[in-house]
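Chain residues, written in single-letter form:
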Amino acid sequence: MEIRQISVDERLTTTFPLQAYAFSPSPLPEEEVERYRKRLRYFETTTCLIAEEAGETLAAAASLPMRQNVRGLVHDMAGIAGVVSHPSARRRGLVRELLTRLLRQTREQGCTVSALYPFRPSFYARFGYVGIPHSRKARFTPESLSELLRRDLPGSVERVPIREGFPAYDGLQHRLLAERHGFAVFDETRAAEFREDRLWVALARVGDEVVGGVRYRIDDHGGDLLGSNLFSTSPLGRALLLQFFARHVDQVSTIEVFLGADEFPELWGTDMTVTTSATVDSPNHNAPMVRVLDVPGLAGSLVGSGGITVEVVGDELIGGVWELGADDGQLTVKPGGTPSATLTAGGFSALAYGALDPAEVVTRGLGELDADAMGRLGALFPRRMPYLFAEF
Ligand SMILES: CC(C)(COP(=O)(O)OP(=O)(O)OC[C@H]1O[C@@H](n2cnc3c(N)ncnc32)[C@H](O)[C@@H]1OP(=O)(O)O)[C@@H](O)C(=O)NCCC(=O)NCCS
């Protein structure tokens, strides 16, 4: 068995048959092959490793170059995707070998963190990943927002096809990347595909500044307005977009948008009729998972106060003893020292991302911490909900 990195041109004959079998209705209609071939240009910057035996591809794993904000620092992030093995080659450790090499390689290339959407979280927990919140879906009636129609908000909303509005929408995403914990973006090559979607984008502006954006389509007259993520830099940006949606009363019956887990649509108005939900199940609706690939790379993150020396165990990439501190609210990291707490890679990542409290790290079996260590880790890494979105 040989592992090698392939170029994008080789994907059609190596990874595509495996992925088509694993992730699509199968056998795949012939026209889908052509569709995939056309999409390959969006994956030119993706790193793809395959395991081969006698010229046959048995397994594959890929990493998309992305960037993510973790506690105020924007990192290079490995977005893991296309993890697959041939049914007759499963449970032979091929994917373990591929993923281990891929994560090592992406870290060498400068990635500090990694994220993915798992088919089954316990599979990726074996590789040091830990869950972060799923985005929420808010489903509400346009009538709920009617009071916004009477409000004179200082801004405007423009509706254009995404192809036309893409530069402004992309600019908004990059602004949120700099400002919002957990937010991640694709590189230009991968993101270009989203410009081609048959969708509208509503862009909220105050003066020349884009303060909100949401991609959407309407499925029918009297039907649903199906939005993707409702992005805004402030409550005003959000209110401008909602006011625009309110004008769809008697045109659509329901509006749907996706949001970070820390948003409360019931507070958007007085008479809201809204259902906010997140369905999590395997294999298609799991919450994202993340992990840290490089502890010193986190230095400078915006943290709390105090300090502690921890040992991260059972992980090739971040295993070892780390003296963690806070210098005026910015994380400091030094290797070595005498540890007073033990964490798995998942436990450390959960704290670094603010997804779990130290007491939860213990109850989840992701670390051994006494009361003092829990207090120190809680002070250093206050809980802070990351928002990692996917395009719908
Ligand atoms: C999931 C999949 C990629 C696993 O590939 P594989 O070649 O069997 O994986 P490996 O043999 O390298 O197993 C790696 C580890 O995961 C465990 N594992 C394998 N399948 C698992 C599953 N379905 N659930 C939980 N753990 C699993 C193995 O026991 C092994 O554990 P260990 O190394 O700690 O002992 C393969 O079953 C597949 O292609 N499935 C369909 C496509 C898919 O769902 N891909 C994932 C998309 S996110």
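Residues numbered from 1 in each chain as written. Predicted model: local features only at pLDDT ≥ 70, side-chain atom pairs only at ≥ 80, totals over all residues. Heavy atoms only, no water.

Take the nonpolar core next. I80, L324, F348 and L377 are the most contacted members of the largest nonpolar core, which totals 71 residues. Two domains each donate at least three residues to this core, and these are domain 1 (2–116) and domain 3 (294–380). When near neighbours in sequence (up to four residues on either side) are disregarded, I80 contacts A62, S63, L99, L102, L103, S114, A115, L116 and Y129. Of all hydrophobic cores here, the second largest spans 25 residues; its members include V211, A239, L240 and F245. (Core = buried A, V, L, I, M, F, W, Y, C linked by side-chain atoms within 4.5 Å. Buried < 20%, exposed > 50% of the residue type's maximum accessible area, 1.4 Å probe, protein only. Domains from an automatic or database assignment. Contact = heavy atoms within 4.5 Å.)

Glancing now at the domain arrangement of the protein chain. Domain boundaries assigned for the protein chain yield domain 1 (2–116), domain 2 (136–277) and domain 3 (294–380). Computed over C-alpha atoms only, the centres of domain 1 and domain 3 are separated by 30 Å. With both chains or domains summed, domain 1 and domain 3 bury close to 1,200 Å², and 54% of this area falls on carbon and sulfur atoms. On the domain 1 side of the contact with domain 3, R71, R107 and T112 bury the most area, a combined 52% of that side's loss. At the boundary of domain 1 with domain 3, the tally comes to 1 salt bridge. In this structure, R104 and E316 form a salt bridge, with 2.6 Å as the shortest nitrogen-oxygen distance. The interface formed by domain 1 and domain 3 contains 7 residue pairs in polar contact (both at pLDDT 80 or more). Going through the elements one at a time, β3 (56–70), β4 (73–85), α3 (94–108) and β5 (113–116) are the ones with two or more residues in the side of domain 1 that touches domain 3. Examining the composition of the side of domain 1 that touches domain 3, we find that 4 residues originate from one element, α3, more than from any other. Across the side of domain 1 that touches domain 3, the residue classes break down as 5 nonpolar, 6 polar and 3 charged. (Buried area = accessible area lost by both parts, 1.4 Å probe. Salt bridge = Lys/Arg side-chain N within 4 Å of Asp/Glu carboxyl O. Polar contact = N/O pair within 3.5 Å; in protein donor to acceptor, adjacent residues only side chain to side chain. Helix = DSSP H or I, 4+ residues; strand = E, 2+ residues; numbered from the N terminus. Nonpolar A, V, L, I, M, F, W, Y, C, P; charged D, E, K, R; others polar.)

So, on to the sheet that holds strand β19 (residues 330–335). Spatially, β19-β18-β17-β20-β21 is the arrangement adopted by the 5 strands of the open sheet, whose pairing is mixed. Strands with a single pairing partner mark the edges of an open sheet, and in this sheet they are β19 and β21 (367–368). Strand direction decides the pairing type here: strand β20 (residues 341–344) and β21, joined by 2 bridges, are antiparallel. Residue pairing in the sheet places L343 in a bridge with G367 of β21. (Pairing = 2+ DSSP bridges.)

To continue, consider unusual backbone geometry. Trans peptide bonds make up most of the peptide bonds, and negative phi angles are found at most residues other than glycine. Along the chain, S26 connects to P27 via a cis peptide bond; the corresponding omega equals -5°. Residue placement: P27 occurs in the loop between α1 (15–23) and α2 (30–39). Notably, R71 is not glycine yet its phi reads approximately 50°, a positive angle. Note that R71 resides in the loop between β3 and β4. Look at R71 and you get buried, because its relative accessible area is 2%. A positive phi is found at R91, a non-glycine position, where the angle reads about 60°.

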